[in-house]
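Per-entry structural report
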Amino acid sequence: MTYDRIRPQPIDFSLLLCTAVLVSFGLAAIYSACNGVGIMTNFHKQLIWLGISLVAMVVVMFLPYRFFQDWAYTLYGLSLLALVAVLIIGRKVSGSLSWFQVAGASIQPSEFAKLTTIMALARYLSHRETNIRSLKGFAIAIGIVLLPLALIMLQPDTGTALTYLTFIVPMIVLAGFEFYYVVILALPVAFALVGFIDLYILAFATGLMFLVLLSMRRQLWLSFASLGAGITAGIMTNLYAAKVLKPHQLKRIQTFLDPMLDPQGAGYNALQAKVAIGSGGLFGKGFLQGTQTQLRFIPAQWTDFIFCVIGEEFGFVGCAVVLLTFFILIARFLALANSIKNKFTVLVLVGIASLFLGHVIINVGMTIGLMPVIGIPLPFLSYGGSSLFANFIAIGLALNVYRNRRDLSFS
């Protein structure tokens, strides 16, 4: 997929069309979910946030394209201050101290910090004096991401924190860090997470990674050392999971493996989501006709479980349209990145594309039972003003790059 260089257009209408399709599905699903509860307040709030987000997108689109590079560190610093402030004066919702309450609106700074972290990381990696292959360069790059991630974990908001890991690997690899060393460094961490889930899965992962490391034919001593560290970490976390995790987090993992362990508690949403999506069939039950949605079987279905509303009322076809639209949107980001030479901008676009992809995989995966329920919104679809606003800022950034792609192609 390439951009037309013969008759350049000032606006990438394919990006706008994809965004419009996703937002339309989201508004329909939120309306249906709110209708089932009998309270339309959240739908009306989403409409207001949509209007604000559209204005923000247009403003970002017409800013000088160097604005984000020049102000990347400043915006990142402000987002860190906001993450600190929310721990002090924020409002606690569902056990997480993640929101500011401003004039009746809830604002979640961690959603904006995702974009500022991507920009700060891109600014650092694109600097001509940065050597990502050195220990210092790698440590600083990782630190840029881990600092906001740690502040978010203090809220605590594990789901949002995990999304920060979706863009760091593509960005540092694109900047020149060898993928082999990413595998070596990530393997112990990944095995530690697998250990929380199940030792049988850990054994399977060990065999799989043994074959992968052999196929890479790199430093075998380092490969086996990393594998050994990973196995040890996995076993240790499995043995001490009950002491490390909070009870509700441990129960989420257990019910992910077997929702029937607690069908009326931690496993309830996952089971009902599967029922909703499965009952939709090929074309769905029709708008406002979903029984799971209208009879309130899934609480707050307009947020993290919005995809099951689409599955039930619009069926397999509706789900396929949404996922295909996400694929096209992400592909357009990558195609735009491939058409320019400005390293900062390329890294930002790839980072945002990776962030979107991570959100889709995790959210849809937890909805259909392939991943634990960790509370991550589906971009442009789930209810949430901060998330919607940040997503439209990302689209505005891409539109800004598209407008200036000729200049950026010679940077």
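Here is a short report on the structure shown in this document. Because the structure is a prediction, the values reported are computed rather than measured.

Turning our eyes to something else, we now look at the overall build of the protein chain. Along the protein chain, the regular secondary structure elements total 19 helices and three strands. Looking at the protein chain as a whole, 50% of its 411 residues qualify as buried. Within the protein chain, counting contacts between residues at least 6 apart in sequence, those at least 24 apart form 73% of the total. Of the accessible surface of the protein chain, which amounts to about 19100 Å², a share of 69% is contributed by carbon and sulfur atoms.

A separate point is unusual backbone geometry. Non-glycine residue Phe380 carries a positive phi angle of around 70°. Here Phe380 lies in the loop between helix H17 (343-367) and helix H18 (385-403). Using a relative accessible area of 3% as the deciding quantity, one classes Phe380 as buried.

Remark: the centre distance and the inter-plane angle together describe each pair of aromatic rings, the angle taken between the planes. Within this structure, the stated rule accounts for 16 aromatic pairs. Plain terms: the ring middles of Phe25 and Phe314 are 5.6 Å apart, the flat faces sit at 80° to each other, and that makes the pair edge-to-face. With Phe25 in helix H1 (residues 13-37) and Phe314 in helix H16 (residues 306-338), this pair connects stretches of sequence that are 289 residues apart. On the numbers, 6.0 Å between centres and 25° between planes, the contact of Phe67 with Trp71 is stacked. Here Trp71 falls in the partly exposed class, since its relative accessible area comes to 43%.

Within the fold, Lys274 resides in helix H14 (residues 268-279). Taking relative accessible area as the criterion, Lys274 reaches 38% and is therefore assigned partly exposed. For the pair formed by Lys274 and Gly311, sequence separation is 37 residues and the distance between their alpha carbons is 9.4 Å.

On to the packing of H16 against H17. Viewed as axis vectors pointing N to C, H16 and H17 meet at an angle of 165°, and their least axial separation amounts to 9 Å. Relative to H17, the element H16 is oriented roughly antiparallel. Crossing of H16 against H17: the hand is left-handed. Of the residues in H17, those touching H16 at Phe307, Cys308, Leu323, Phe326, Leu329, Ile330, Phe333, Leu334, Leu336 and Ala337 are Val346, Leu349, Val350, Ile352, Ala353, Phe356, Leu357, Val360, Asn363, Val364 and Thr367. The class makeup of the residues in the contact of H16 with H17 is 19 nonpolar, two polar and no charged.

Strands sit in the order S1-S2-S3 across an open sheet of three strands; the sheet is antiparallel. Looking along the sheet, the strands with just one partner apiece sit at the ends: strand S1 (91-93) and strand S3 (105-107). Along the sheet, successive strands turn relative to each other by an average axial angle of 50°, direction set aside. Taken together, the three bridges between S1 and strand S2 (residues 96-102) define a ladder with antiparallel strand orientation. Paired with Val93 across the bridge in S2 is Ser96.

Moving on, we come to the side chain of Thr19. Along the chain, the position of Thr19 falls in helix H1. Given a relative accessible area of 3%, Thr19 falls into the buried group. Ignoring anything within four residues of it in the chain, the contact list for Thr19 reads Leu329, Phe380, Phe392 and Ile395.

Turning next to the pairing of S2. One face of the sheet, then the other: side chains in a regular strand alternate in exactly this way. For S2 and S3, the ladder comprises three bridges, and the chain directions are antiparallel. The residue bridging Val102 from the neighbouring strand is Ala105, located in S3. Taking the residues that link successive antiparallel strands as the turn, the S2-S3 hairpin has two residues, and the phi of Ala103 there is positive, at about 50°.

Calculation notes
Residues numbered from 1 in each chain as written. Predicted model: local features only at pLDDT ≥ 70, side-chain atom pairs only at ≥ 80, totals over all residues. Heavy atoms only, no water. Helix = DSSP H or I, 4+ residues; strand = E, 2+ residues; numbered from the N terminus. Buried < 20%, exposed > 50% of the residue type's maximum accessible area, 1.4 Å probe, protein only. Contact = heavy atoms within 4.5 Å. Areas by Shrake-Rupley, 256 points an atom, 1.4 Å probe, with all protein chains shown as cover. Phe/Tyr/Trp six-rings, centres within 6.5 Å; stacked < 30°, edge-to-face > 60°. Axes fitted to C-alpha atoms, helices over the stretch in contact; angles between N-to-C directions. Parallel < 35°, antiparallel > 145°, perpendicular 65-115°, else oblique. Left-handed = near helix turned anticlockwise from the far one by under 90°. Nonpolar A, V, L, I, M, F, W, Y, C, P; charged D, E, K, R; others polar. Pairing = 2+ DSSP bridges.

Nothing here speaks to function; it is geometry throughout.
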